[in-house]
Structure formats: C-alpha cells, structure tokens
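# Fold and geometry: a report
One-letter residues, chain by chain:
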Amino acid sequence: MEDKKWLFPEIDIVSEFKFDKNLEKFYESGIEGLVRENIQNSIDHPVNSGEKVTVKINIGKINKSRIPGFFELKDHIFALEGRNKYDIDTVNYMKKILESEQYVDYISFEDENTTGLSGAETLSDENTSYRAYAYEKGSSYENDQLAYVRGGSHGIGKIASNSASIINLMYFSNCDEFGNRHTGGTIQLFDHKIQMKGYRGTGYFTKFIDGMLVPFKSELFDSIFTKETRGLKIIIPFISSEYLNIKLIKQTAIDSFLLAILNDKLSVIIGDEIIDSSNIESYLTSDMFEMYPQMKDSFYTASYFETLKHKYKKDLIIQDKRSNHYSFSLYLVEDENYKYAKFGIFRNVGMKIEDFQVKSYLNKPFNGVLIPNNIETDKWLKTLENEAHSKITHEHIRNTSEKDNASRFINNLHKELGNIMLEIFEKDLENLSNFDTSDILYDFDREFKKEVSKFMKPILGNPETNYQKTTKTSTGDKKAKNVSDSDNKDNSTKEKRKRKNPAGINDPSRIFYFLNQNEVRRISNMDEDHFYLNISNFPIHKSKEMNVIFSLIDGEGSERINEVRLSDSIKHIIDERNKIHLNFSDYQINNLSFENGSAQFKLIHKNKEFNINKYFIYVEAKQ
Amino acid sequence: MIYTKNTVFPYPVYFNNSSDYTDPEFQFDIEVSENDGFYLLQFNYVLKSEYLSSLLKDGGARLFIIFTSPFDSKIFPYSSQMQFRIDELNLSNKLRFQCFIVSNKVISFSDNFDLITFYSMIKSRIQVSSNGILGFSNAVSFNGEIKRPFEIFQWLIDPALESELKIDLGAETIIVKIKDKDYRLPTYRGLKSLNNHYVYIGLQKALYQLLKDLSKEDEISLEDDIDNLGANELHYKLLNYLRSKKVDKLNYENIDEVIYKMSSNIISKQASDLRRFIEDGN
C-alpha cells in the first residue's frame, strides 16, 4: 500500500460518470487561458510586495517511465468506462496516447522570487496554502475577509492546468522559504472500479499514512519535477499539441501582462528568450503584433502600448448601484485606422482582464486603456473577473444583490465610455459646415418637430437650458376603446396575434400566446384568486383544453418564471367551468378548459393571506 | 416601481386605458422652475373617477409620488409643490415621476360605480387591503439634457469623406454627410423634395441600428415601456415619434412600412417634384 503514489479516494457507490465540466470550459480557453492562469498566480505572490517576479516557461519531452506513478495512472485510466459518446471517445483517446509514444510532450511554468506555498510539513488538518492547493478542488486559500465575494480567486483555476493535459494530469513542485521541497499533483478522471473496488475520479499525488495526507519530498523524483529555488513549479505532461505554440505563448504572455512587464514587475523566460521591460518594445513593434488589427479578436497589445504613451488621459469615475465611486485612469486615442474600439482593462498587478467592447460603439476609431487609481477599485475589479480571468461579468456572482450591483456598474461603464467617445465624435463635427438649409426645412424635419413638440417640452420654461420632459400615459397613447369582455372582433380586421414565449422557456416546439390586460381579469381575496381569461382574439381553437403559464414580475419589472412557485402558496386550482381540480406545477396549470374563447379558474390559497404577486399570463396551444 | 400596462393585479386598478373602468383618466404633470439655488416642482393631476376622488377626500385613500433616477428611488406623499436644492436633483439624469393612489384601510368595491358593467355582480366581493394600490397615473419623464430636442437630422458637408455619402448615427441625431455641396439638389421654384432620398436612407439606417442596439428577439414593441430599453437620445426621439405615429412594433421586416408611417410622402413627393422639374426644363 505504501508503494502507491497516487491516492484515489475509495467509494462504495460509483456514480459520477462524467468528466468535470470545468475541464471543458478551461480547455476552450486554450493556451491563452493556461498562460494567464499560471502567470497570474505567480505575480500575485512576490516574496516582497512590489518586487519583480520571473516566470520560466519550458516545453520539452519526457520519457513516460520518468513520470511519477505513471503505471498506476495507466491502470486507473484503463478502468474508466464512459457512458456517453463524448466521454467514451475521450477515454479511448487517452488510452491510445498512453500506449503510443515513449517520449511525451510537457510544458512547465516555474516562478522565481515568489513565496511558494507554505505549510507542506504541517501534518494536522490545519488549513495551510499547501494543503488548500494540493488537496482541495475548488477552494482557494485566502486570509482576506472579502474572499467570499471575490470571484477572482475562484480556485477553480487550478483545473486549467489539468485541462491542458490529454489525460488531465498535472504535477506541481514547491520550495518554501526554509528549503523544504515537495512534489504533488492531481488528475481529473471520473468514478471507476478496479477489481470490484470503487474509486472517486479525482486522484492526488500524495502519501497516505495513518489516515493523514503527507506530501512527497521532491528528491525522490526527476529534476523536471523538482523546484530547487523558492517558489512553485507546474508541470503538465501529455500536453495537447495545440498548446505547443511558442509564438502564441509569447504573444499571450506579453498581451495579458503588458503593464506588469512595462512596470518591471514581471519578466517571462520562454525557453532561452527573456522578455522584460528592457526589450518588450522590440517585441511590440515586430510582426508579432499589429498596430491596427483588422480582426475583432486579434491582439491589441501594440495599440495599447501606443495609447499609453499618448498624452490624453483623464480620470474616469464609475458608480455602482450603491453610489460607490470607482476611479480609473483612462488613456484614449482617436485614430481613424482603428477599425474596432477596444479598451484594455488592467488590474494594478499588471494583468489585463479584458479587451472591453462598449455596447453600440464597437466599430468606432478609438483605442483605450483603463487602470484602477486605487486599491478599492482594483479589488472591486477582481471580484468582477470571470473564472477564466478573461472578462468582467456579473454572471458568476451568486448573491442576487451583489450580482445586480455588479451589473449596474458594468452598464455604467459602457455608458460612460460611450459618452466620452461620443463627445469627441461630436466635437469633430463642429468643424464641418452645414448643408445650406436656410431656404427650406425638409418636410420630414418639420413634421418631426411638430410631432415631437407635442410630447416633449422644455422644463424650466427657459429654452436655453436643454432639459426636456415627456409626459406620457403609462399604457401608451390613449387609444379608442374597442375591447370589452364579450367583444369578439372579427380576426380579419385585427392583426393576427403573434406567438410569444414566456421568458425562460426556449422550447421551439411549444406554442404560447401572451394575454394582455384586456384578456385577463383577476379578483382576489384572502382565500382565493379568481381568474377570467379571454382568448377570443387568438388564432387557435377556442374550445379546447390548454395549459396556462404564469410568470412573475419582479421589483425591476423583469419577467421570471422560475420564481412563481405556485405550489408554495396554492393548495388547489379549480376549473370553475367543470369544477375539476387541475394539475399544476411551479408555474404551469395543465388542461384548463376553454369554451367559446373563455375560461375561468380559481387558486385556493394555503394560508389566509392576499396573494400580492403580479403576474404575466400565457396560454399554451396544444398541437 | 413604475408599472406597465400588462401587469395583472389581483383586483381592478385605475390607470389611463384600463379596461376595467369606464373611460378612466389619471393625468399627472409637473412644472419646473428655478429660483435662487432651488428647483421648484409644481405637481398637478386630473382624476376623472368620482369614486376614487371621494375616497381621497374622505381619507379612505391617499396619494403618493414615486420618483426614480438612475441611482435611486424615493416615495413622497403627494403635495402640490416640492422644493429641491439644485445639487439634490440632477436634471441631466433621466428621472421619472409617477403618481399613485393607495388605500388607507380595507376597502370594498361595492360602491365603486366607475367599474365597467362586467363587475356589477361581483364587485361587492372585491376587497382591497390596507395600503393596496388603487390606481396610478402616467409617468412624467425628465429626459435629461437633449441638445437638439426637435431635430432628428443633421446635414453636413465633409470634403474629407472617402465616399460620396456617409450616414453616421450620433447620440441625438442622424448625421448625413455629403462630400460635395453639389450633391445637395437645390430648391427650385418651390420644389423642395428633391433631396428626400437622403431622408429615406438616413431613416432606414437609423431604424436598423435601433433594432440592433435595443431589440429583444429582433423586435421592439412600442406598446411596452420604452424607458427600460437603454435608449440613447436618438433612439428615444425615434421611439417616441413612432409611438405618436401609432406604430405598434418595429422589426427587420417592416422597416419600410414604418418609414411610411413616419412620413408618408417621402418618395412620391420627390417623384412628382422631379417630374415637374423635368417638364419645366423643357
């Protein structure tokens, strides 16, 4: 038992027959995701704050037999039984690769002047950065109280390295400040059985003695798997061939860490080539980078470099929903050679998060760079990073109110940047002369002015200030009343009603129609909710059974079906026409009977209380 | 919250165009003046429902104003005027005000004679709890600063253009640029429509971009609340103009029909003017 190098937790019931979906996600970000993830970890942990960190990236070949525990891994991989075509194909490919070459490709990332992980020697269950890194799948070790909010330290990023290996294998080697050297690793498979014994899919490269996880000392292994100097080294054997693109590795390292390199906080060594602040300009002006990219998704690094040199700089303040002010330095250049307006958003540590595109302003001749002016803004940006560190989003945030707040901030960012570009654009127009329209005002202009003055009026009576107000009915302009409950207008004189899906139902085979205010009557008291529906204007059979869908309007006016939850508060739903109890689920009532285009039903409350929810109502036409 | 027309309330609610009431009207308006570092807002309303008016009078219900800005929302009891320090009320933001009638106690609709006849048998069963919404007015929107509120086109000459014609969409206007002043045909003896093709092309491009920027599922319904679409000033002017011209929806298929509703004579006027011009020339 002691001879085993890989520990797969034993389980009684094997149930997970799929690879972790994060593997696929990270695989999709390819070499760029891998380079960013690993360099970012390094620059986040310098020995002394503000000092330069070096990351060495090497590509090479290694004899399979020198890979620690290789033969054990082979046994486990050959025991995998995929359940769907994708996993079966993947497993077959893994098996093929294991058998083929004697020498396999690997990539390694090694950092210098970094702290490395600490606490490898700690035998207890105490949470140290080593233990968190080595043994916990989705966690990150953070002292910071903001950890739960900070999406930037997802911890899931560790899988990025596994995903780059054909057999989802990665090793790491750590050297701490005392010179203790340990080697660990993980492999991400799925549940399997070997000789009737079940094993969990995640394997750990570690000793397991008396119920304790004990890291291996590095001296047992090949030098490739040993970190000599303080810091961390990642080794990924069986690296997929598309990752072996040296040019792309260089481009990514420079593009993602432009500021860090310029500010002399990072140097990258790829093979024998050193890239640092002293020579980065020669890379940027080489044909590795375009100054004016012709494609939307190219590298904009050379452009950002030029923009940073430019004199136009202003402080940009963006607010969130809670009136917090976030301050950025904005560098901006207008140059008609730019086909696409991209803004490089950087964190203070020098890593670029995103080539940000402003909504409705993509095809504009600008290039910009945004850098946080203070720690609060920098921390805030980190919470907005998605798992792959490639975008700022609100989608990954769980807490609803935090999510809404982040969404507001991002919208404001779009708006403010858009306004700045617009201002510059309009200023350019000031230099152009007008068509001479002194003798005529085009008919359309005149018509427009006439109509608009009916609903748009200046506030403050004073036409000098340009504030305008619009007074409009909340339900559109007053129309001639033409609908009453028994009104059965001939369909040929009215526009045919169009299908509309409730927000959240995307099945194209289902046909829904939305009922407007005239088609639903609702009367509630503490015990019951009565609904009267009128579908006489719909192009469907008027006397049939149909399903009714409810969706809920939330405080912001957005529609959501998954929050309706009828079963939480409703005991019974009764079809008033035939007195039958109707089946219902969270947001759908089944088989309500309609006759001559109308139906009536009531919801009976579980508790004696008013149902104050406000609903949108749809009917589903059965085929 | 500012309510839209399609919300289904648990009981009939009074608002303009509500089909539960006979000819409902609840119009709300605001006048703004400035004085000595303060904005004075004067509110007034017209409420046609005698039932609701009497409830307000005898204390059965009260009026509220809800105010929303991009960063904030507040509720005030109604008063005929309100003062704000200039720094408290930023008129360059989009602001909205709406007036609400709210019940002060449990109310039975048995005396509500403004409801339509459909309710005559059942209205005695309808009860509104205390603090229930009885009705709401139209919304009054302050649109912030619009430099050119009544203009939709700007006509410019730009000799540096690479093409003969370029149509740009600014935040407030459709900007038509021609390379040479001679591309603009002159007025001649009262024939003014010779340049109408520029108008048509400009509107097409603007409507197309409007759909691209704001539409959900490739369509914009003018009956929905357009204030929530994220419109800039140009979008806003176009959408409100479409509404006033009774356009109910805009999609990629009906752009030409919508342009026709916006201005029905763009092409025919130009054609007839050209013909007359040609005939006169002979």
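Residues numbered from 1 in each chain as written. Chains lettered and ligands numbered in written order. Predicted model: local features only at pLDDT ≥ 70, side-chain atom pairs only at ≥ 80, totals over all residues. Heavy atoms only, no water.

Turning next to the overall build of chain B. Counting secondary structure elements, chain B contains five helices and 14 strands. When each of the 282 residues of chain B is scored for burial, the buried share is 54%. Contacts in chain B between residues far apart in sequence, at least 24 positions, make up 64% of those at least 6 positions apart. Taken as a whole, chain B presents about 13,000 Å² of accessible surface, with 48% of it coming from carbon and sulfur. (Helix = DSSP H or I, 4+ residues; strand = E, 2+ residues; numbered from the N terminus. Buried < 20%, exposed > 50% of the residue type's maximum accessible area, 1.4 Å probe, protein only. Contact = heavy atoms within 4.5 Å. Areas by Shrake-Rupley, 256 points an atom, 1.4 Å probe, with all protein chains shown as cover.)

This brings us to the overall build of chain A. Looking only at helices and strands, chain A has 14 helices and 33 strands in total. The buried share among the 623 residues of chain A stands at 53%. Long-range contacts, defined here as pairs at least 24 residues apart, represent 70% of the contacts in chain A between residues at least 6 apart. Here chain A displays about 29,400 Å² of accessible surface, and carbon together with sulfur accounts for 47% of that area.

A few words now on the sheet that holds strand β26 (residues 528-534) of chain A. Residue and element names in this part refer to chain A. Read across the sheet, five strands follow the order β25-β26-β32-β29-β30 without closing on themselves; strand pairing throughout is antiparallel. Of all the strands in the sheet, the pair left with one neighbour each is β25 (520-524) and β30 (580-581). Pairing between β26 and strand β32 (residues 598-605): seven bridges, direction antiparallel. Within the sheet, the bridge partner assigned to F531 lies in β32 and is F601. (Pairing = 2+ DSSP bridges.)

Taken together, L274, F277 and I278 of chain B make up a surface patch of nonpolar side chains, about 260 Å² in accessible area. Secondary-structure assignment places F277 of chain B in helix α5 (residues 266-281). (Patch = residues over 30% accessible without salt bridge, like charges linked within 9 Å, V, L, I, M, F, W, Y side chains within 5 Å. Salt bridge = Lys/Arg side-chain N within 4 Å of Asp/Glu carboxyl O.)

Throughout the structure, instances matching the rule amount to 31 salt bridges over all chains. Note that K352 of chain A and D355 of chain A form a salt bridge whose closest N and O atoms lie 2.9 Å from each other. Of the charged contacts, one joins R521 of chain A and D20 of chain B as a salt bridge, the two residues approaching to 3.1 Å between their closest N and O atoms. Of this pair, R521 of chain A sits in strand β25 while D20 of chain B sits in the segment before β1 (26-35), each in a different chain. Through salt bridges with shared partners, a single network forms among K56, E110, E112, K227 and K233 of chain A.

This part takes up the confidence of the model for chain A. Residue and element names in this part refer to chain A. Here chain A averages 83 in pLDDT, while 87% of its residues score no lower than 70. Low confidence marks residues 139-154, where pLDDT is under 50. Its contacts with residues over four positions away, or in another chain, come to 32 contacts. Predicted confidence for residues 474-495 stays below pLDDT 50, and this span has 43 contacts to residues more than four positions away or in other chains. (pLDDT = per-residue confidence, 0-100.)

Residue and element names in this part refer to chain A. The interhelical angle for the contact between helix α2 (residues 30-43) and helix α7 (residues 246-256), taken along N-to-C directions, is 50 degrees, at an axis separation of 9 Å. With respect to their mutual orientation, α2 and α7 come out oblique. Read as a crossing pair, α2 and α7 show a hand that is right-handed. The segment α2 lies against α7, with I31, E32, V35, R36 and I39 engaging L248, I249, T252, A253 and S256. (Axes fitted to C-alpha atoms, helices over the stretch in contact; angles between N-to-C directions. Parallel < 35°, antiparallel > 145°, perpendicular 65-115°, else oblique. Left-handed = near helix turned anticlockwise from the far one by under 90°.)

Counting 58 residues, the largest nonpolar core has I39, I57, F172 and L266 of chain A as the members making the most contacts within it. Residue contributions to this core peak at five residues, all from α2 of chain A. Ignoring any residue separated from it by four or fewer positions in sequence, one finds I39 of chain A in contact with V55, I57, A253, F257, L266 and V268 of chain A. One finds F26, F28, M82 and C99 of chain B within the second-largest nonpolar core, a separate group that totals 53 residues. (Core = buried A, V, L, I, M, F, W, Y, C linked by side-chain atoms within 4.5 Å.)

Before going further, it helps to spend a moment on unusual backbone geometry. Positive phi values are uncommon outside glycine, yet S323 of chain A reaches one of about 60 degrees. Locating S323 of chain A in the fold gives a position in the loop between β16 (313-319) and β17 (325-334).

Here the focus is the packing of aromatic side chains. Residue and element names in this part refer to chain A. The final tally for this structure, using the stated rule, is 45 aromatic pairs over all chains. With 5.0 Å between their ring centres and 85 degrees between their planes, Y133 and F172 make a pair best called edge-to-face. Remark: F172 occurs in strand β5 (residues 169-175) and Y133 occurs in helix α5 (residues 129-135); sequence separation between them is 39 residues. Each member of the pair Y133 and F172 is classed as buried. (Phe/Tyr/Trp six-rings, centres within 6.5 Å; stacked < 30°, edge-to-face > 60°.)

Here we come to the side chain of Q154 of chain B. Residues and elements named next belong to chain B. By the secondary structure assignment, Q154 is in strand β10 (residues 153-157). Owing to a relative accessible area of 11%, Q154 belongs among the buried residues under this scheme. Ignoring sequence-local partners within four residues, the contact set of Q154 consists of R148, T173, I174, I175 and V176.

This part is about the sheet that holds strand β19 (residues 352-356) of chain A. All names here are of chain A. Taken together, the five strands give an open sheet; going across it, the order is β16-β17-β20-β18-β19, and neighbouring strands pair in mixed fashion. Every other strand in the sheet has two partners, leaving β16 and β19 as the edge strands with one partner each. The average undirected angle you get between the axes of adjacent strands in this sheet is 25 degrees. One ladder, built from seven bridges, connects β16 with β17; its direction is antiparallel. For I317, the partnering residue across the bridge sits in β17 and is S327.

So, about the environment of F257 of chain A. Residues and elements named next belong to chain A. Assignment of secondary structure puts F257 in the loop between α7 and α8 (258-262). As a C-alpha pair, F257 and Q40 span 217 residues in sequence and 8.6 Å in three-dimensional space. Excluding residues that lie within four positions of it along the chain, F257 makes contacts with V35, R36, I39, Q40, I43, T252, L266, G350 and M351.

Turning to the side chain of T252 of chain A, a few remarks are in order. Residues and elements named next belong to chain A. Mapped onto the fold, T252 is located in helix α7. T252 sits in the buried class, given a relative accessible area of 1%. Residue contacts for T252: discarding those within four places in its chain leaves E32, V35, R36, F257 and F299.

Turning next to a negative patch on the surface. On the surface, E334, E336, D428 and E430 of chain A together with E162 of chain B cluster together into a negatively charged patch. Assignment of secondary structure puts E162 of chain B in the loop between β10 and β11 (165-169). (Lys, Arg positive; Asp, Glu negative; His and termini not counted. Charge placed at Lys NZ, Arg CZ, Asp CG, Glu CD.)

What follows deals with helix α12 (residues 400-429) of chain A. In this model, α12 of chain A (30 residues) spans 43 Å end to end at C-alpha, consistent with the 44 Å of a helix rising 1.5 Å per residue. The distance from a side-chain oxygen at the start of α12 of chain A to the backbone nitrogen of S401 of chain A is 2.9 Å, and the residue carrying that oxygen is N399 of chain A. (Expected span 1.5 Å × (residues − 1). Polar contact = N/O pair within 3.5 Å; in protein donor to acceptor, adjacent residues only side chain to side chain.)

Before going further, it helps to examine the environment of E34 of chain B. Tracing the sequence through the fold places E34 of chain B in strand β1. The sequence separation of E34 of chain B and Q83 of chain B amounts to 49 residues, and the corresponding C-alpha distance is 9.6 Å.

All names here are of chain B. Axis separation between helix α2 (residues 196-214) and helix α3 (residues 233-244) bottoms out at 11 Å; the angle between their running directions is 105 degrees. Taken together, the axes of α2 and α3 are roughly perpendicular relative to one another. Packed against α2, whose contacting residues are A206, L207, L210, D213 and L214, the element α3 presents H235, L238, L239 and L242 at the interface. Taken together, the residues of the contact of α2 with α3 break down into seven nonpolar, one polar and one charged. (Nonpolar A, V, L, I, M, F, W, Y, C, P; charged D, E, K, R; others polar.)

With that settled, consider the environment of I133 of chain B. All names here are of chain B. Counting through the fold element by element, I133 comes out in strand β9 (residues 133-145). Of the residues examined, I133 reaches a relative accessible area of 15% and is grouped as buried. Along the primary structure I133 and F100 are separated by 33 residues, whereas in three dimensions their C-alpha atoms are 7.1 Å apart.

So, on to the confidence of the model for chain B. A low pLDDT means the predicted coordinates there should not be read in detail. All names here are of chain B. The pLDDT averaged across chain B works out to 84; a share of 94% of its residues lies at or above 70. Within chain B, no element has a lower average pLDDT than α5, which sits at 83, and none a higher one than helix α1 (residues 50-58), at 95. The complex prediction reports pTM at 0.62, with the ipTM value standing at 0.75.

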